[in-house]
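Structural description and commentary
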Amino acid sequence: YKEQTSDTSTTSTSYVAFGGMSQDITMSSGGILLVHFTVSFDADSASRVGSFKLKIDGTDIRETAQWTASSANNTVCASMVYRKTGLSAGARAVELLWKTDGGTIRCRPATTLNNHSSLLLQEVRA
């Protein structure tokens, strides 16, 4: 489990590392990896899109995005759940990246209660 605890922001229009939202997990043979990701964030200007990308072992897996609507400081949420089978035993690197379509998007859990980011990795059996 990983949780964002400090404020972070980006102005990048290309995917960059999302704070400390990366985590390694050591898988057993035949294990199934479940990834749960949630985030609430805002923007410093109206009508921004925050996009988030999941990578496993450096491979792009899935993306999600959310529009911050027509006013600045409007908190929105995005999430994803992913199930990965067929991974060999050993260490796996799970990473989240983010970008904006312009302006600044912010995840500020240290400043406001309505911003957060959480990443939960679980190994399960069929």
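Our subject in this report is the structure included herewith. Please read these numbers as outputs of a predicted model, since none were measured by experiment.

Reading guide: rules and limits
- Residues numbered from 1 in each chain as written.
- Predicted model: local features only at pLDDT ≥ 70, side-chain atom pairs only at ≥ 80, totals over all residues.
- Heavy atoms only, no water.
- Helix = DSSP H or I, 4+ residues; strand = E, 2+ residues; numbered from the N terminus.
- Buried < 20%, exposed > 50% of the residue type's maximum accessible area, 1.4 Å probe, protein only.
- Areas by Shrake-Rupley, 256 points an atom, 1.4 Å probe, with all protein chains shown as cover.
- Core = buried A, V, L, I, M, F, W, Y, C linked by side-chain atoms within 4.5 Å.
- Contact = heavy atoms within 4.5 Å.
- Polar contact = N/O pair within 3.5 Å; in protein donor to acceptor, adjacent residues only side chain to side chain.
- Phe/Tyr/Trp six-rings, centres within 6.5 Å; stacked < 30°, edge-to-face > 60°.

The subject of this paragraph is the overall build of the protein. A count of helices and strands for the protein gives zero helices and 10 strands. For the protein, the sequential pattern of α-helices and β-strands runs β-β-β-β-β-β-β-β-β-β. The principal-axis extent of the C-alpha atoms belonging to the protein is close to 50 × 25 × 20 Å. Here the protein holds 126 residues, and 40% of them are scored as buried. Only carbon and sulfur atoms are counted for the fraction: they give 46% of the accessible area of the protein, which is about 6100 Å².

So, about the nonpolar core. Proteins that are soluble and globular tend to have nonpolar side chains buried together. Ranked by size, the top nonpolar core spans 25 residues in total, and within it Phe-18, Leu-33, Phe-37, Val-39, Phe-52 and Leu-119 carry the most contacts. Counting only elements with at least two residues in this core, the list comes to β3 (16–27), β4 (32–43), β5 (49–56), β7 (76–84), β8 (90–100), β9 (105–107) and β10 (116–124). The biggest single contributor to this core is β4, with six residues. Those residues in contact with Phe-52 that lie beyond four places of it in its chain are Tyr-15, Phe-18, Phe-37, Val-39, Phe-41, Arg-62, Glu-63, Thr-64, Ala-78, Met-80, Leu-97 and Trp-98.

Among the secondary structure elements, Thr-8 is positioned in strand β2 (residues 8–10). For Thr-8, a relative accessible area of 18% gives the class buried. Along the sequence, Thr-8 and Cys-107 sit 99 residues apart, while their C-alpha atoms lie 5.5 Å from each other. Sequence-distant contacts of Thr-8, defined by excluding residues within four places in its chain, comprise Phe-18, Gly-19, Trp-98, Ile-105, Arg-106 and Cys-107.

Tracing the backbone shows Arg-92 in strand β8. A polar side-chain atom of Arg-92 sits 3.0 Å from a polar atom in the side chain of Asp-57. Not counting the four nearest positions on each side in its chain, Arg-92 is found in contact with Gln-23, Asp-24, Ile-25, Met-27, Asp-57 and Leu-87.

Here we take up the packing of aromatic side chains. For the structure shown, the criterion picks out six aromatic pairs. Taken together, a centroid distance of 5.8 Å and an interplanar angle of 50° make the contact between Phe-37 and Phe-52 tilted. Of this pair, Phe-37 sits in strand β4 while Phe-52 is found in strand β5, placing the two residues 15 residues apart along the sequence. Overall, Phe-52 belongs to the buried group, its relative accessible area being 0%. Through successive ring pairs, a cluster of aromatic residues spans Phe-18, Phe-37, Phe-41, Phe-52 and Trp-98.

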